Amino acid sequence: MKTIAKSFSDSRRVFLKTSAAVGGGLALGISLPALAQTKDAFAKPDQVNLWVLISPDDTVVIRYARSEMGQGSFTSAPMLVAEELGCDWNKVRVEYVSTNANVVSKRAWGAMNASGSQTIRSSQEYLRRGGATAREMLVSAAAQEWKAPASECTVANSVITHVPTGRTVSFGQVAAAAAKLEVPKDVKLKDPKDWTIAGKSMPRFDIPTTVRGKQRYGIDTQLPGMVYAAVAQCPVFGGKVKSLDAAKIQGRRGIQKVLNLGDFVAVTADNWWRAKEALKLLPIEWDVGAYGNATSATIMETFRNGLAQNDLPVAKNTGNVEQGFAASAKVLEAEYFTPYLAHATLEPMGCTALMKGDKVEVWVSTQNAEASLATAAAAAGVPVENVEVYRVQAGGGFGRRGTQDYTRQAVLIAKTMPGVPVKALWTREEDTQHDFYRPASLVRMRAGLDAAGNPVAWTARIAAPSIIATLSSLPLANGIDPQAVIGFADQPYNIPNVKVDYAQRNGHVPVGFWRTVGHSQNPFVRECFMDEMALAAGRDPYQYRRALLKDKPRDLGILDAVAKHAGWEKPAAKGVFRGIAETDAYGSYIAAVIEVSPTGKDAAGKDSFAIRRIVVGIDCGYAVNPDNIVAQMQGSVVWALSAILWGENTLKDGRIQQSNFHDYRMMRLAEMPKVEVVIAPTGGFWGGVGEPANAPIAPALCNAIFAATGRRVRSLPLINHDLTMKKA
Amino acid sequence: MFKFTVNGKPREADVEPEMPLLWVLRDVLDEKGPKFGCGIGQCGACSVHVNGELVRSCSFPVSGAAGKQVVTIEGLEQKGRLHPVQQAWIDHQVPQCGYCQSGQIMAAVSLLKKKPNPTDKDIDDAMTNICRCGTYARIRPAIHTAAKAAAKKSAKA
Ligand code: FES
Ligand code: FES
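Residues numbered from 1 in each chain as written. Chains lettered and ligands numbered in written order. Predicted model: local features only at pLDDT ≥ 70, side-chain atom pairs only at ≥ 80, totals over all residues. Heavy atoms only, no water.

Caption draft 1: Structural detail: the overall build of chain A. Broken down by element type, chain A carries 20 helices and 28 strands. On C-alpha atoms alone, chain A measures out to a radius of gyration of 28 Å, which is about the 27 Å that the 2.2 N^0.38 rule sets for 728 residues. The C-alpha extent of chain A, read off along each of the three principal axes, is 80 × 80 × 50 Å. Put simply, chain A has 728 residues, and 62% of those count as buried. Excluding contacts between residues fewer than 6 apart, the proportion of contacts in chain A whose partners are at least 24 apart in sequence is 77%. As presented, chain A carries roughly 26,200 Å² of accessible surface, and 53% of it is formed by carbon and sulfur atoms. (Helix = DSSP H or I, 4+ residues; strand = E, 2+ residues; numbered from the N terminus. Rg over C-alpha atoms; globule rule 2.2 N^0.38 Å. Buried < 20%, exposed > 50% of the residue type's maximum accessible area, 1.4 Å probe, protein only. Contact = heavy atoms within 4.5 Å. Areas by Shrake-Rupley, 256 points an atom, 1.4 Å probe, with all protein chains shown as cover.)

Caption draft 2: Region of the structure containing the overall build of chain B. When its secondary structure is counted, chain B shows five helices and five strands. Counted from the first residue to the last, chain B has its helices and strands arranged as β-β-α-β-β-β-α-α-α-α. Referenced to the eigenvectors of the C-alpha coordinate spread, the extents of chain B come out at roughly 45 × 35 × 25 Å. Taken across its 157 residues, chain B has 58% of its residues classed as buried. Accessible surface, chain B as shown: approximately 6,100 Å² in total, 54% of it carbon and sulfur. Side chains of chain B give 21 positive and 15 negative charges; the mean places of these two sets differ by 8 Å. (Lys, Arg positive; Asp, Glu negative; His and termini not counted. Charge placed at Lys NZ, Arg CZ, Asp CG, Glu CD.)

Caption draft 3: Examining the pairing of strand S18 (residues 422-425) of chain A more closely. All names here are of chain A. Both faces of S18 are covered, namely the face carrying Val 422 and Ala 424 and the face carrying Lys 423 and Leu 425. With four bridges connecting them, strand S8 (residues 227-233) and S18 associate as parallel partners. By the bridge assignment, Ala 229 is partnered in S18 with Ala 424. (Pairing = 2+ DSSP bridges.)

Caption draft 4: Representation of the packing of aromatic side chains within the structure. Under the criterion given, the structure shown has 16 aromatic pairs over all chains. Pairing Trp272(A) with Phe36(B) gives two aromatic rings, centres 5.2 Å apart and planes at 50°, and the pair type is tilted. Remark: Phe36(B) occurs in the loop between helix H1 (21-28) and strand S3 (47-50) and Trp272(A) occurs in helix H8 (residues 272-281); the pair is interchain, linking two chains. An identical accessibility class is assigned to Trp272(A) and Phe36(B); each is buried. Members of the aromatic cluster, each reached through a chain of ring pairs, are Trp195(A), Tyr622(A) and Trp686(A). Directly above the ring of Trp514(A) sits Arg438(A), whose terminal nitrogen or CZ lies 5.3 Å from the centroid. One residue, Arg446(A), lies across the ring of Phe325(A), its end atom 4.3 Å from the ring centre. (Phe/Tyr/Trp six-rings, centres within 6.5 Å; stacked < 30°, edge-to-face > 60°. Lys NZ or Arg CZ within 6 Å of the ring centre and 35° of its normal.)

Caption draft 5: Quick look at the sheet that holds strand S17 (residues 387-391) of chain A. All names here are of chain A. Read across the sheet, seven strands follow the order S10-S11-S8-S18-S15-S16-S17 without closing on themselves; strand pairing throughout is mixed. The strands lining the two open edges of the sheet, one partner per strand, are strand S10 (255-260) and S17. In this sheet, adjacent strand axes meet at a mean angle of 20° when their direction is disregarded. As defined by bridge partners, strand S16 (residues 359-364) adjoins S17 across five bridges and the pair is classed as parallel. By the bridge assignment, Val 362 is partnered in S17 with Val 389. Most of the contacts of helix H11 (residues 369-380) go to S17, to which it runs at about 140°, and overall it touches strand S15 (350-356), S16 and S17. (Axes fitted to C-alpha atoms, helices over the stretch in contact; angles between N-to-C directions.)

Caption draft 6: The arrangement of the domain arrangement of chain B in detail. Residues and elements named next belong to chain B. Along its sequence, chain B is carved into domain 1 (2-75) and domain 2 (84-156). On a C-alpha basis, the centroid separation for the pair domain 1 and domain 2 is 21 Å. Here domain 1 meets domain 2 over a buried area of about 1,200 Å², counting both sides, of which 55% is carbon and sulfur. On the domain 1 side of the contact with domain 2, His 49, Leu 54 and Ile 73 bury the most area, a combined 38% of that side's loss. Taken together, the links from domain 1 to domain 2 amount to one salt bridge. (Domains from an automatic or database assignment. Buried area = accessible area lost by both parts, 1.4 Å probe. Salt bridge = Lys/Arg side-chain N within 4 Å of Asp/Glu carboxyl O.)

Caption draft 7: Geometry of the interface of chain B and chain A. On the side of chain A, 65 residues touch chain B, which itself brings 50 residues to the contact. Counting the surface lost from both chain B and chain A, the interface buries some 4,800 Å², and carbon and sulfur atoms represent 57% of this. For the chain B face of the interface with chain A, the top three residues by lost area are Gln96(B), Arg132(B) and Tyr136(B), together amounting to 18%. Applying the counting criterion to the chain B and chain A interface returns 10 salt bridges. Of the charged contacts in the structure, one is a salt bridge between Arg216(A) and Glu74(B), with a shortest N-O distance of 3.4 Å. For the pair chain B and chain A, the number of links is 28 residue pairs in polar contact (both at pLDDT 80 or more). Counting only elements with at least two residues in the side of chain B that touches chain A, the list comes to H1, helix H2 (84-91), helix H3 (101-114), helix H4 (120-126) and helix H5 (136-156) of chain B. Here the element with the most residues in the side of chain B that touches chain A is H5(B); it accounts for five residues. Grouping the amino acids of the side of chain B that touches chain A by side-chain chemistry returns 26 nonpolar, 10 polar and 14 charged. (Polar contact = N/O pair within 3.5 Å; in protein donor to acceptor, adjacent residues only side chain to side chain. Nonpolar A, V, L, I, M, F, W, Y, C, P; charged D, E, K, R; others polar.)

Caption draft 8: Inspection of the side chain of Thr268(A) at higher detail. Relative to the assigned elements, Thr268(A) resides in strand S11 (residues 264-269). Contact partners of Thr268(A), with chain neighbours within four places excluded, come to Val227(A), Tyr228(A), Ala229(A), Gly254(A), Ile255(A), Gln256(A), Lys257(A), Ala275(A), Ile413(A) and Met417(A).

Caption draft 9: Representation of the environment of His83(B) in the model. For His83(B), the position within the fold is in the loop between strand S5 (69-71) and H2. Once residues within four sequence positions are removed from consideration, His83(B) is found in contact with Leu76(B) and Val109(B).

Caption draft 10: Up close: the packing of helix H16 (residues 522-537) of chain A against helix H17 (residues 541-548) of chain A. Residues and elements named next belong to chain A. It is the contact of H16 with H17, at a shortest axis distance of 9 Å, that shows an interaxial angle of 100°. Looking at the two axes, H16 sits roughly perpendicular to H17. Here H16 contributes Glu 527, Met 530, Asp 531, Met 533, Ala 534 and Ala 537 to the contact with H17, which in turn contributes Pro 541, Tyr 544, Arg 545 and Leu 548. (Parallel < 35°, antiparallel > 145°, perpendicular 65-115°, else oblique.)

Structure representation (structure tokens):
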């Protein structure tokens, strides 16, 4: 493969050829809900509206609409299609759907974003239906040929068998005939207990390419005549370029353009290193705007002021909390804080763009190809039909790549040099300091317990920025950001009087969706406070929860499964202390038990502890690719621990103080504790798996630390409490 | 002009001596195996071998590679056969996004060269690359598997 561009046009050619060969195969646009409105696109089967494609040689091409960024759905989504189709899994190939075709056809392939752990749960129905529809058509075609009823035929491994006579025919042989048949309206889906592909651990399609070093990410885009751009944005969010002194770097080797693009500066060169080095030397004066004095403390002040308000928007109000508190024998109150956090995908933000006349092409690691397309169109000032977005694997997404600021920049630069492709790339420092951060959040919890220790009143007041209001610039419905109050407003425990209210406190720090979003922080607060309540009640934290979850079989089920696996009913070994937590998240139910041991003072005189074991369990309804679920859970634990132990972005002079991995610490292999994953799918619903496991780790760990040290941690990260982790 | 080999082939680059090897490989020679993650030697995504030694190429000047043999992830495969580390990475389904993995694999190959039968402690000490997806739980057993496979292979040879 010489260049990415070539490989893309190759795959397009292959596609056209396969489309042209439709006469010899079955090409099927499946019955998406959206197709009702897109009859036109669907009516012409030789167009790009194909979802399942079967060639005469039995090859099955399954088109995939969302993005792969490590979560494995490039494999698990097609597994559901293949399951219903009854094809030989070894003959399956997966291709990305064209973003442009999807946008032009008004979403014939549905939504393309990969976020909210939703690829399986919100696509499973049409993926399965698509496979089943194709299967029925193939069977009908075979049955017609045999002049036998379709009900006498069975399907396995791409082969249709007429049971009474033993005759067989392969999918490829009847695909052409099947393509001429009417698309059936109602198809029967398999009972998951009869699955033969889904539910089995299937190796991921992308891994062999990755280990050979041949996986290509956005950063690897290489086009003929391409120039490289380094960018600098105002270190204070919202600031603008006041002036720059281009002469200072003009004439340096390889430097081409120095561009003032309003809210950012770009330097282009014949390689990225030269551009970046020159940019470092470029004198830029910034107009930092109104927030040049903001600090973490001033932001905290706005949160505190939020907690002090009365008559805040109410997210939940059941019973009467005033009466509940009045009737309580004991009232507990505590404040919890979680900080801003950058995503730090290992591949930094970047995008390649090419403008030719009124057409734009974009090569980008994205979680939301449609957003990339819309952003590129807006930046270029062209209609969306004139834009194509080529997706490549993303070097991590975690929510960062749904926001397309970096795509906008690349297009704005490309606009200044029509016909020349531009690859814009951020440094790690730029990436750390110009994120859409997980919002910081300050929460005040109160609980009133009766004489027996049971909760009679429970309130949560949250002061935090709103992601939705910030990203959409629209006012919130009823003043509530659902992600800010999630886990509180829908808390599962049987408590008669509950009130949750929210003080929206948007500062100048951009906020966004960070893996696990509200569930990355709210379960920490809720489940640690639940431990405080259990302690005040003098009860075992597991049993205390159990009693309050009587009517919540799925919460209770996963809590029990994890407690059982961890051996909670037996006392912990000497010197070992345990913490437990449970929550729902992304349609799944998730619990953890963590065991720690105090390990005395570390070299710096700080209290240290060792994590002996993490047991984390999930009930995701159906487990489509179990080994991939295990991988997502293991990865989520690492994600959680980096944040719990060290993760924090602080502000001074309006800017983020951390810049790279030396001061925004990530967990490494030597620090990896033992993780045991329990997958306990109970069926009947579809839950996400990419994000939930992050949720119970912080509370289970902090509850264990309390058990071990008597120190109740109410803000993260632990390093601010002089608590460090040692190897077990 | 700096001359060296990349995966056995002679290459040359007319660049500043202080230009990091990573950017010479990626932007000048179109070798996209090594990745950019931090630029300050923290993450290891850019790891390559120079005369058999593991280096973080973002922090290694091209002048240091002059006259030497540079091997990237794409040079591990021999005659269409994967390196035992690559095979073990498939067997254990290690990668998630995969972006760190060329660096992880180069570090693991280097470890096994020095310690064909590494202990867990050896793995802790050698594998300091960052994986933001958190694949560590699979890297460790994959290295043990690769060590066993390599031992078998050399016993046969
Ligand atoms: S890019 Fe070289 S160590 Fe991170
Ligand atoms: S696999 Fe994504 S950073 Fe390691």
